[in-house]
Structures are given as structure tokens and as C-alpha cells.
Amino acid sequence: MNPISYYNQPQYRYYSQPYYSDNAGNYNGYPYYERNNESGAGQAAKTLGLAALLQAFSSLLQKGSNYLSNKLIAGKEFTNASNVSKVADSMIRNNKLNVEVGYIDSFNKQNYASRFGLGRELDAVAKGQNAFYADNLKLAVAPKSKPSLILHELGHAVNAKKGFTKLLQKSRRYAGYAPMALLVANGILGNSQDGKKNFVERNAGILGFCAFLPTIVEEAIASSRGIKAAKKVLNNPATLKILKKNYALALGTYILAGIGLGVASKQSIILDGKQQ
Ligand SMILES: [Zn+2]
């Protein structure tokens, strides 16, 4: 699952964990080997070298993301389900959230799916491989087998009520367009007379990453809200570090996805240059 194209359904706004995903951080929409290479031989070799390097790096990011996902899926719960539910209830109460919480398994998933007009989105949740918050549905779901993920999702629900974090959430929809937007900007700026690269061309990687940065920050804030609530309601349990570790693994997948977007942005600029 690509963390950018959440279920590819723009009508739903899911703040979902990409940790289970086998595509997190993978934006390889620009297969460099399929493009014609019409630039000079020396330059071509150089560009091809960098493109190949980026491609290799991109699949490394993919592997890293899968590793973190698997670690998280195999991770322990920091407390039992009834304690998690106590924390979740307190988050809902204290923030006056109008959100339904669902702990999904294979028995109740169909019931939730039909009540909320969902398709197969709950399948991965029932399997313990995903959790999400859908702001338009006012629904937060986590696997029954991994209830602690709900605290992070409720963190998103709180974020959706506050101006700044709401803005960060909204940016998520556009982040995936970064490679395309940079390509357009690069075309507009063009090259200067002396053949020097423009700002976008030089900084495509970091600009692509920056497009994803608001998402990473919002994810971190959502987790920190969940951790804070657990600490308070459960009296600073010694096992809180397990929750922190799980959430850190999830955040790691987002950071890798951001780097992946940077790489994809760089790739798109390089390929564009080769086509000219
Ligand atoms: Zn999240």
C-alpha cells in the first residue's frame, strides 16, 4: 500500500499506518531503463549511473520499510485490551471527539464495513496488519489483536480538530504529486544560458522529501497524543516503552516513505533531462 494514495479513494481520508505495506516508500513510476537516451554519451553514462543508483536506493528503502512493518506486526502489546479501551475512552472524553472506535476481527469486519459503507479496507485491519482513522466517517479502527494502535488513530482524530495539525493532515493529499509538480516547475524555470541547473533541478530530492514532511510531523504528533494519554490514564506504566517502540517503528515507515518521495522526485527530474 502506497502511503500516499490511501486506498486511492479521495472521498475517504484515511490516516493509515503504511507499516504493513509492501509498497511504502515505493514511487517508482519512472522506470529509467524504458526511456530513450538521446543526450550525449558522456552525460548519458553519468545520468544513467545516478538513475540506477537511485533505483537501487529506492528498493533498499522498500526493504527497510518492510523490515520495520514486520517488526511492528510482530511487536508485543504494551497492555491488555481493557486498559487500551480505558485510555481510548479518556481520549474521546477529554477531547470531545465524536468518533466511533472499532476493534476489528474477522467476525465483526463485515458489520463495520456495511455500516460505514466500506469495501475491503477492513480486511487488513482484521488481519492485524493495519489501523486507520477516517475523518469523514468519524471512525477509528484497529485490529482486535493489536488494540493499542487505536491510541495513535485517536491522536489523528484530535489532530483533525485543531487548526495547525488539521492543515498538516490536509497536505497529505498533495504530497504524492511532488515529483510531478517539481517536473512542471523545472520546465518553467528551465536552464540558464550558461547551462547551469535551476534551483528545482538541484534540490529535487530535498524538495520531494519536504513535501512529505508535514505528514511525518502529523504522524509523530498523533503518536505522542496516544502515548501521553496512556501515560496519564494508566499511571505511567513500565511497559509504556513497548508502545513507544511500536509507534517509533510506524513512524520509521513514514520517514522512509518521505525519503522515497525525495528519491522519486529526483528520478523524475533526471529522466526528464534525459528525454530532452
Ligand atoms: Zn497515522
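Anything mentioned here points back to the structure above.
Thresholds, definitions, all that
Residues numbered from 1 in each chain as written. Predicted model: local features only at pLDDT ≥ 70, side-chain atom pairs only at ≥ 80, totals over all residues. Heavy atoms only, no water. Phe/Tyr/Trp six-rings, centres within 6.5 Å; stacked < 30°, edge-to-face > 60°. Helix = DSSP H or I, 4+ residues; strand = E, 2+ residues; numbered from the N terminus. Lys NZ or Arg CZ within 6 Å of the ring centre and 35° of its normal. Patch = residues over 30% accessible without salt bridge, like charges linked within 9 Å, V, L, I, M, F, W, Y side chains within 5 Å. Areas by Shrake-Rupley, 256 points an atom, 1.4 Å probe, with all protein chains shown as cover. Salt bridge = Lys/Arg side-chain N within 4 Å of Asp/Glu carboxyl O. Lys, Arg positive; Asp, Glu negative; His and termini not counted. Charge placed at Lys NZ, Arg CZ, Asp CG, Glu CD. Buried < 20%, exposed > 50% of the residue type's maximum accessible area, 1.4 Å probe, protein only. Axes fitted to C-alpha atoms, helices over the stretch in contact; angles between N-to-C directions. Parallel < 35°, antiparallel > 145°, perpendicular 65-115°, else oblique. Contact = heavy atoms within 4.5 Å. Nonpolar A, V, L, I, M, F, W, Y, C, P; charged D, E, K, R; others polar. Donors = N, O, S within 2.8 Å, 3.2 Å for Na, K, Ca; no water. Tetrahedral: all angles 85-135°; square planar, octahedral: opposite > 155°, others 65-115°. Pairing = 2+ DSSP bridges.

**Q** Even after reading the chapter, I still don't get the packing of aromatic side chains, so can you show me in this structure?
**A** The geometry of an aromatic ring pair is captured by two quantities: the separation of the ring centres and the angle between the planes. For the structure on display, the rule yields two aromatic pairs. Judged by centre distance (6.4 Å) and plane angle (20°), the ring pair of Phe212 and Tyr254 falls under stacked. With Phe212 in helix α8 (residues 199-233) and Tyr254 in helix α9 (residues 240-275), this residue pair connects regions lying 42 residues apart in the sequence. The ring of Tyr112 carries the charged tip of Arg115 above its face, separated from the ring centre by 5.6 Å.

**Q** Is there a simple way to think about a positive patch on the surface in this case?
**A** On the surface, Lys71, Lys76, Lys241 and Lys245 cluster together to form a positively charged patch. Judged by its relative accessible area of 37%, Lys71 falls in the partly exposed class.

**Q** What exactly am I supposed to notice about the packing of helix α2 (residues 81-94) against α8 here?
**A** Helices that pack against each other are described as a pair by the angle of their axes relative to one another and the distance between those axes. Where α2 contacts α8, the axes come no closer than 9 Å and their chain directions differ by 110°. Considered as vectors, α2 and α8 are oriented roughly perpendicular to each other. On the side of α2, the interface is formed by Lys86, Val87, Ser90, Met91 and Asn94, while α8 contributes Arg225, Gly226, Ala229, Ala230, Lys232 and Val233. Split by residue class, the contact of α2 with α8 holds five nonpolar, three polar and three charged.

**Q** Would you explain the coordination of the zinc ion in this entry?
**A** A four-donor tetrahedral metal ideally has 109.5 degree angles, and a six-donor octahedral metal ideally has angles of 90 or 180 degrees. Donor atoms from the polypeptide that coordinate the zinc ion comprise His152 (NE2), His156 (NE2), Glu219 (OE) and Glu219 (OE), at 2.0 to 2.8 Å from the metal. Around the zinc ion, the four donor atoms are arranged such that angles at the metal cover 51 to 135°; this shape is classified as irregular. Positions of the donor residues of the zinc ion along the chain correspond to the pattern H-x3-H-x62-E. In this pair, His152 and His156 both sit in helix α5 (residues 149-159), four residues apart, roughly one turn of the helix.

**Q** What am I meant to see in the sheet that holds strand β2 (residues 132-134) here?
**A** Hydrogen bonding along the main chain pairs the strands of a sheet, whether they run parallel or antiparallel. Reading across from one edge, β1-β3-β2 is the order of the three strands in this open sheet, with mixed pairing throughout. Each having just a single partner strand, β1 (100-104) and β2 make up the two edges of the open sheet. On average, adjacent strands in this sheet sit at an angle of 20° to one another, irrespective of strand direction. Bridge count between β2 and strand β3 (residues 139-143): three bridges; the pairing is antiparallel. When the sheet's bridge partners are listed, Phe132 is paired in β3 with Val141. Each of β1, β2 and β3 is contacted by α5, which is oriented at about 160° to β3, the strand it contacts most.

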